[in-house]
Amino acid sequence: MKDKLSEALSVPVPKKRAGARCTCGAYWQGECGCSGVDWTDPELVDLRSEVAGLKRDMESLQEDIVALGDENDDLLAEIDRRDKLEGLSEWWGQVHINGSFTVNRYYNDGDLYKARENGSAKAIYGPFRALHEPMALVIIQEMYQRDNSINN
Ligand SMILES: [Zn+2]
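Residues numbered from 1 in each chain as written. Predicted model: local features only at pLDDT ≥ 70, side-chain atom pairs only at ≥ 80, totals over all residues.

*Asks:* What is the right way to look at the overall build of the protein in this model?
*Replies:* Of regular secondary structure, the protein possesses four helices and three strands. Classification of the 152 residues of the protein by burial places 8% in the buried group. When contacts within the protein are restricted to residue pairs at least 6 apart in sequence, long-range pairs at least 24 apart make up 43% of them. (Helix = DSSP H or I, 4+ residues; strand = E, 2+ residues; numbered from the N terminus. Buried ≥ 20, exposed ≤ 12 C-beta atoms within 10 Å, placed from the backbone. Contact = placed C-beta atoms within 7 Å.)

Put into structure tokens, the structure is as follows:
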């Protein structure tokens, strides 16, 4: 059975990390007579190395962000295009026997059906998307021209 003293002596003395190369037995920098001994707190050394590692990670992430930038621009352009498309309203129109064009907002096929039934239209188009009435008129005129040039 070990006595208290030998038990105490068997406990390993914690290794002194700060000032590890000190040979004069000092406990802190102020006592140390050795030259060139680093008394920097090891915890601080670890933190500094951790900070350096985080800085490298951050720089690498910034490079990734720059690389993703172009991809992101394409995505934003696509979202913008869709938003504009959704901002367009739906129209339908007819080319009358007398050659005039009229356009109306489209709500359902009922109006197109009625126009077909009363026989006053040479051609009926829709629904198609336009920003406003003048744009709808241009679109229906172009569709009519296109169809006629195909028929000729
Ligand atoms: Zn020393």
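Still more to cover.
*Asks:* Would you explain the sheet that holds strand β2 (residues 101-105) in this entry?
*Replies:* Two modes of strand pairing occur in sheets, parallel and antiparallel, and in both the strands are linked by backbone hydrogen bonds. A sheet is described by the order of its strands in space; here three strands give the open sequence β2-β1-β3, paired in antiparallel fashion. Either end of the sheet is taken by a strand with one partner, and the two such strands are β2 and β3 (121-130). Looking at each pair of strands side by side, their axes are set apart by 20 degrees on average, direction ignored. The pairing of strand β1 (residues 89-96) with β2 spans five bridges and is antiparallel. (Pairing = 2+ DSSP bridges. Axes fitted to C-alpha atoms, helices over the stretch in contact; angles between N-to-C directions.)

*Asks:* Please explain the pairing of β1 as it appears in this structure.
*Replies:* In regular strands, side chains alternate between the two faces of the sheet. Taken together, the seven bridges between β1 and β3 define a ladder with antiparallel strand orientation. The residue of β3 that forms the bridge with His-96 is Ala-121. Connecting β1 to the antiparallel partner β2 that follows it, the hairpin turn spans four residues, and Gly-99 within it adopts a positive phi of roughly 90 degrees.

*Asks:* Help me understand unusual backbone geometry, please; the structure alone is not making it clear to me.
*Replies:* Glycine aside, residues mostly have negative phi, and peptide bonds are mostly found in the trans state. In this structure, Pro-127 follows Gly-126 across a cis peptide bond, with omega equal to 0 degrees. Positionally, Pro-127 belongs in strand β3.

*Asks:* How do you make sense of helix α2 (residues 42-87) when you look at a structure like this?
*Replies:* Structural remark: α-helix, 3.6 residues per turn; residues separated by three or four positions point the same way. The terminal C-alpha atoms of α2, which comprises 46 residues, lie 63 Å apart, in line with the 68 Å expected from a rise of 1.5 Å per residue. For α2, the buried fraction is low: zero of the 46 residues fall into the buried class. (Expected span 1.5 Å × (residues − 1).)

*Asks:* Can you help me understand the nonpolar core in this one?
*Replies:* If you look at soluble globular proteins, the nonpolar side chains tend to sit buried side by side. Core analysis: the largest hydrophobic core is formed by seven residues, namely Trp-91, Trp-92, Val-103, Tyr-125, Ala-130, Ala-136 and Ile-140. Contributions of two or more residues to this core are made by β1, β3 and α4 (133-151). (Core = buried A, V, L, I, M, F, W, Y, C linked by C-beta atoms within 7 Å.)

*Asks:* Help me out: how do you make sense of the confidence of the model for the protein in this one?
*Replies:* Low-pLDDT stretches of the model should not have their predicted coordinates read in fine detail. Per-residue confidence for the protein gives a mean pLDDT of 84, with 89% of residues at or over 70. The lowest-confidence element of the protein is helix α1 (residues 4-10), averaging 68 in pLDDT; the highest-confidence one is β2, averaging 95. (pLDDT = per-residue confidence, 0-100.)

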